[in-house]
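Given next are the chains, with one letter for each unit.
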Amino acid sequence: MFKIGVLVSGGGTNLQAIIDAVESGYINAEIVSVVSNRSKAYALKRAENKGIEAVFISRKQAGSAEAYERALVKHFKDRKVDLIVLAGFMVILGPTFINAFENKIINIHPSLIPSFCGNGFYGLKVHEEALKKGVKVTGATVHFVNAKADDGPIILQKAVEVKDSDSAESLQKRVMEEAEWKIYPEAIKLISENKLIIENNIVRRLDR
Ligand code: GRF
C-alpha cells in the first residue's frame, strides 16, 4: 500500500480533505503518520480522531534546524513513507530533509504560482497581496518541493474568481473550498497511481 506522511502546523483542513479522500476510496493509500511542530495544532486532533498516528516533534528540543530535519527524516524513513505531504507546515525545510526525499515531497500554496509566492508569502498575506494587486482570478497550486520556497515543479493548479466584495478572509475561504481541498487529494491520487513524471522540471501526466 502507498504510504503517506503528513507535516502540519495548524488547523489541518487540507489534511482533513486528504483523510476524507482516503476514507472514501478516492485515494488508494494509507496515511501512516501526521507530524506537527506545534503540540496544540488542531490537525493532530483530526488525525487522532481517525486513529492515525499523530506526533508532536519539537523544533526547539531538536536544537538546530539540521537536527530537527534529521529527526523528521528518521521518523518518516522508519515508517517507509512513499510521499511526504506538507499541509500548512510552517517550518522551512532545508537540504537535509529535502535531499532525503527527492521528488517525494509536495506542498500546496494558496495562489497561482508564480504569483504571490516565495519567502514571506503565507497565510492571509498571500490573499491580501492578491487583493492589493486587483487580480481577477487567483487560485491554488500543488507542487513538488525543492530547495527554494514555492519553486518546485508544478503538479496541479486551479483558478478561483476574485470578487469586488472580497476581504482577504473571504478570498482565503473560497480558495480553500474551491481549489485547495480538491486539487490536493487529486495530486496525491495521481502520484500514488504513478501517473506523473518530471522532465526538465516540468511535470507531465501519463494519463492523458
Ligand atoms: C493553506 O492555505 C495552504 O495553502 C497553506 O497553508 C494553509 C493550511 O491550512 N500551505 P490548513 O491547516 O490545511 O487548514
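Only a predicted model underlies this, so the values are computations on that prediction, with no experimental measurement involved. Residue numbers run consecutively from 1 along every chain, following the written order of its sequence. Reporting of local features is limited, given that this is a predicted model, to residues whose pLDDT is at least 70; pairs of side-chain atoms are given and counted only at 80 or more, and all residues count toward the totals for whole chains, interfaces and linings. No hydrogens and no water enter the side-chain calculation; it runs on all heavy atoms of the structure.

1. Some details on the site of the ligand
Residues in close proximity to the ligand include Gly 11, Gly 12, Thr 13, Asn 14, Gly 88, Ile 108, Pro 110, Met 176 and Glu 180, which together make up its full environment. One nitrogen or oxygen atom from the main chain of Gly 12 is found 2.7 Å from an oxygen atom belonging to the ligand. In the environment of the ligand, an oxygen atom lies 2.6 Å from a nitrogen or oxygen atom belonging to the side chain of Thr 13. Computed with a 1.4 Å probe, the accessible areas rest on the Shrake-Rupley method; for each residue, only the protein chains presented here act as cover. In the complex, the protein chains occlude 83% of the 370 Å² of accessible area that the ligand would expose alone. Helix and strand labels come from DSSP, where a helix needs a run of H or I of at least four residues and a strand needs a run of E of at least two; each type is numbered from the N terminus. Of all the secondary-structure elements, those providing two or more residues to the shell around the ligand are α1 (13-23) and α7 (168-192). Looking at the shell around the ligand residue by residue, the classes come out as three nonpolar, five polar and one charged. For the shell around the ligand, the domains that each give at least three residues are domain 1 (1-101) and domain 2 (108-208). Working definition: residue near molecule or strand if any one of its non-hydrogen atoms lies within 4 Å of it. By the criterion applied in these results, polar contacts are pairs of N or O atoms within 3.5 Å in which, for protein atoms, one can donate a hydrogen and the other can accept it, and in which residues neighboring in sequence qualify only through two side-chain atoms. Residues are grouped as follows: nonpolar covers Ala, Val, Leu, Ile, Met, Phe, Trp, Tyr, Cys and Pro; charged covers Asp, Glu, Lys and Arg; every other residue, Gly included, is treated as polar. What fixes the domain bounds is an automatic or database domain assignment.

2. Re the pattern of salt bridges
For this document, the term salt bridge refers to a Lys or Arg side-chain nitrogen within 4 Å of an Asp or Glu carboxyl oxygen. For the coordinates displayed, the defined rule picks out 14 salt bridges. Between Lys 50 and Glu 23 there is a salt bridge whose closest N-O contact spans 3.2 Å. On the criterion of sequence distance, the pair formed by Lys 50 in the loop between α2 (42-49) and β3 (54-56) and Glu 23 in helix α1 is long-range, its members being 27 residues apart. The closest approach of N and O atoms between Asp 207 and Arg 205, which form a salt bridge, is 3.0 Å.

3. A closer look at α2
Residues lying three or four places apart along an α-helix face the same way, a consequence of the helix completing one turn every 3.6 residues. Looking at α2, one finds that the buried residues are Ala 43, Leu 44, Arg 46 and Ala 47. The buried side chains of α2 occupy one side of the element, clustering within an arc of 155° when seen end-on. For α2, the secondary structure elements touched by its buried residues are β1 (2-8), α1, β2 (29-36) and β3. Two residues or fewer after α2 comes Gly 51, characterised by a positive phi angle close to 75°. For every residue, the accessible area (1.4 Å probe, protein chains only) is compared with the maximum for its type, and the residue is labelled buried under 20%, exposed over 50%, or partly exposed between those bounds. The directions considered for the arc run from the helix axis to the C-beta atoms. Every residue pair with non-hydrogen atoms within 4.5 Å of one another is taken to be in contact.

4. Comments concerning the domain arrangement of the protein chain
The domain boundaries assigned to the protein chain delineate domain 1 (1-101) and domain 2 (108-208). One C-alpha centre belongs to domain 1, the other to domain 2, and the line joining them spans 20 Å. Between domain 1 and domain 2, the residue contacts involve 15 residues of the former and 15 residues of the latter. Accessible area that two parts lose when put together, with a 1.4 Å probe and added across both, is what the buried area reports. Here domain 1 meets domain 2 over a buried area of about 1400 Å², counting both sides, of which 73% is carbon and sulfur. By the criterion of area lost to domain 2, the three top residues of domain 1 are Asn 14, Tyr 26 and Ile 98, representing 35% of everything that side buries. Between the two partners, domain 1 and domain 2, sit zero salt bridges. Linking domain 1 with domain 2 are four residue pairs in polar contact (both at pLDDT 80 or more), by the criterion used here. Elements with a minimum of two residues in the side of domain 1 that touches domain 2: β1, α1 and β4 (83-87). When grouped by side-chain class, the residues that make up the side of domain 1 that touches domain 2 number 13 nonpolar, two polar and no charged.

5. Quick look at the pairing of strand β5 (residues 105-109)
Within a regular strand, the side chains alternate between the two sheet faces. Counting buried residues in β5 gives five out of five residues, a clear majority hidden from the surface. Neither face of β5 is open: one carries Ile 105, Asn 107 and His 109, the other Ile 106 and Ile 108, and all of them are buried. Of the pairings in the sheet, the one linking β4 to β5 comprises three bridges and is parallel in character. In the sheet register, Val 85 faces β5, and the bridge partner there is Ile 106. When DSSP finds at least two bridges between two strands, those strands are taken to pair. For β5 and strand β6 (residues 137-144), the ladder comprises four bridges, and the chain directions are antiparallel. Across the sheet, residue Ile 108 finds its bridge partner in β6, namely Val 142.

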